[in-house]
Amino acid sequence: MRCTMLVVLGAVLTVGGCTSGTAHEASSTAGAPATSAAGPAAIEMMDDITAVFENGATAPQYAYITDLHDGCGYTAGWIGFCSQSGDMLALVKRYNAVAAHNVLAKYSSVLQRLADSGSDDTGALGAAFVRDWKKAALDPAFRRLQIQVGHDTYLAPAMKLAAQEGVKSELGLENLYDTALMMGQTSDDCDGMLKIAHETDKLLGGSPASGVNEVTWLARFNTARRKHMEHPCTAGRENDWPQAVDRSQALQELADHGEWDLKAPLTVGADFRLTIGRPRD
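Remember, predicted model here, so these are calculated numbers, not experimental data. (Residues numbered from 1 in each chain as written. Predicted model: local features only at pLDDT ≥ 70, side-chain atom pairs only at ≥ 80, totals over all residues. Heavy atoms only, no water.)

**Examining the overall build of the protein chain**
Point 1. Secondary structure summary: the protein chain contains 9 helices and 7 strands in total.
Point 2. Sequence-distant contacts in the protein chain: of pairs separated by 6 or more residues, those separated by 24 or more amount to 68%.
Point 3. If you sum the accessible surface of the protein chain, you get close to 11500 Å²; carbon and sulfur atoms cover 52% of it. (Helix = DSSP H or I, 4+ residues; strand = E, 2+ residues; numbered from the N terminus. Contact = heavy atoms within 4.5 Å. Areas by Shrake-Rupley, 256 points an atom, 1.4 Å probe, with all protein chains shown as cover.)

Take a look at the structure:
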């Protein structure tokens, strides 16, 4: 789980909110296709949906960096790597391994200290850090690593859970992926992907793997997710997660419109209202 930016009408906000929406019951006419795994184009589309949610853009914004004054320190890159939580440090360490003399390498010890102490102090990184992050984002290797770290940390657990639950559609996987990325992917996350999936299974008496219709299961998953977003048990998320319920709303709207295979062009609705014309990382 990482820090979450709030996006409305294409603008990244530090305060304010997005329009609330209700996850609808499954349509009687739309059904999730029985695909077994997402292909490269679908995964690129998922990454672009993440960019819509995180940056108000239709492609990953690798150079993005700001202090949202939300306790996360600097929030940067495609999925909002945070200096306070340690995931920014993990990314920089991966970058150091492939480019030892990269422009961010000199910040490794400070990032380590910030992560170890859970500090949101951005001043410790110095005035040049923002400029150096943007410079690093010009390097294709750094951009690739941002995607890889996001996939390793959040997409891989979502794919594992999809296999266990019998979720076969690309949109179903996107629901799990976005929940993991925003709210956590481990059993320790009280509002996370695994917790919400377990609640959905309990409510419906099973999962798609045991015969529950995937359309019905995902609609209930979205309803449960919204409840967690509106009343999170995760410390420090009481103010920003209720304002981000439009993420769940936008994904449910895609289901209601039958966009199970995430084919381009794809319009992400709710308060975002952005169309992804060609998926790309």
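The rest of the description comes next.
**A short note on helix H4 (residues 129-136)**
Point 1. Within the span of H4, buried status applies to Phe 129, Asp 132, Trp 133 and Ala 136. For H4, the angular spread of the buried residues around the axis is 105°, confining them to a single face. Set apart from the buried face of H4 by more than 90 degrees, the exposed residues are Arg 131 and Lys 135.
Point 2. Those residues of H4 hidden inside the fold are in contact with strand S3 (65-67), strand S4 (74-76), helix H2 (87-98) and helix H5 (140-165). (Buried < 20%, exposed > 50% of the residue type's maximum accessible area, 1.4 Å probe, protein only. Arc of directions from axis to C-beta.)

**Quick look at the pattern of salt bridges**
Point 1. The full count for this structure, using the stated rule, is 8 salt bridges.
Point 2. For Arg 247, the salt bridge is made with Asp 178, and the minimal N-O distance between the two is 2.6 Å. Of this pair, Arg 247 sits in helix H9 (residues 246-256) while Asp 178 is found in helix H6 (residues 170-183), placing the two residues 69 residues apart along the sequence.
Point 3. For Glu 230, the salt bridge is made with Arg 226, and the minimal N-O distance between the two is 2.6 Å. Linking Glu 230 with Arg 226, this pair stays in helix H8 (residues 214-230), spanning 4 residues, or about one helical turn.
Point 4. Note on Glu 230: relative accessible area 28%, which makes it partly exposed.
Point 5. Where salt bridges share partners, they join Glu 54, Asp 178, Arg 225 and Arg 247 into one cluster. (Salt bridge = Lys/Arg side-chain N within 4 Å of Asp/Glu carboxyl O.)

**Comments concerning the nonpolar core**
Point 1. Of all hydrophobic cores here, the largest spans 73 residues; its most connected members are Ile 49, Leu 104, Phe 129 and Trp 133.
Point 2. The element best represented in this core is H5, accounting for 9 residues. (Core = buried A, V, L, I, M, F, W, Y, C linked by side-chain atoms within 4.5 Å.)

**A closer look at the packing of H5 against helix H7 (residues 193-204)**
Point 1. Running from N to C, H5 and H7 cross one another at 15°; their axes reach a closest spacing of 11 Å. Overall, the two elements H5 and H7 adopt an arrangement that is roughly parallel. Here the hand of the crossing between H5 and H7 comes out right-handed. Across the interface between the two elements, Pro 157, Ala 158, Leu 161 and Glu 165 of H5 pack against Met 193, Leu 194, Ala 197 and Asp 201 of H7.
Point 2. Grouping the amino acids of the contact of H5 with H7 by side-chain chemistry returns 6 nonpolar, no polar and 2 charged. (Axes fitted to C-alpha atoms, helices over the stretch in contact; angles between N-to-C directions. Parallel < 35°, antiparallel > 145°, perpendicular 65-115°, else oblique. Left-handed = near helix turned anticlockwise from the far one by under 90°. Nonpolar A, V, L, I, M, F, W, Y, C, P; charged D, E, K, R; others polar.)

**Quick look at the side chain of Asp 132**
Point 1. With respect to the element layout, Asp 132 can be found in helix H4.
Point 2. Classification of Asp 132 by relative accessible area gives buried; the value is 7%.
Point 3. A polar contact is formed between the side chain of Asp 132 and the side chain of Lys 106, at a distance of 3.2 Å. (Polar contact = N/O pair within 3.5 Å; in protein donor to acceptor, adjacent residues only side chain to side chain.)

**Remarks on the environment of Ala 90**
Point 1. As for its placement among the helices and strands, Ala 90 is situated in helix H2.
Point 2. According to the relative accessible area criterion, Ala 90 is partly exposed, its value standing at 37%.
Point 3. Separated by 21 residues in the primary sequence, Ala 90 and Leu 111 place their C-alpha atoms 9.3 Å from one another.

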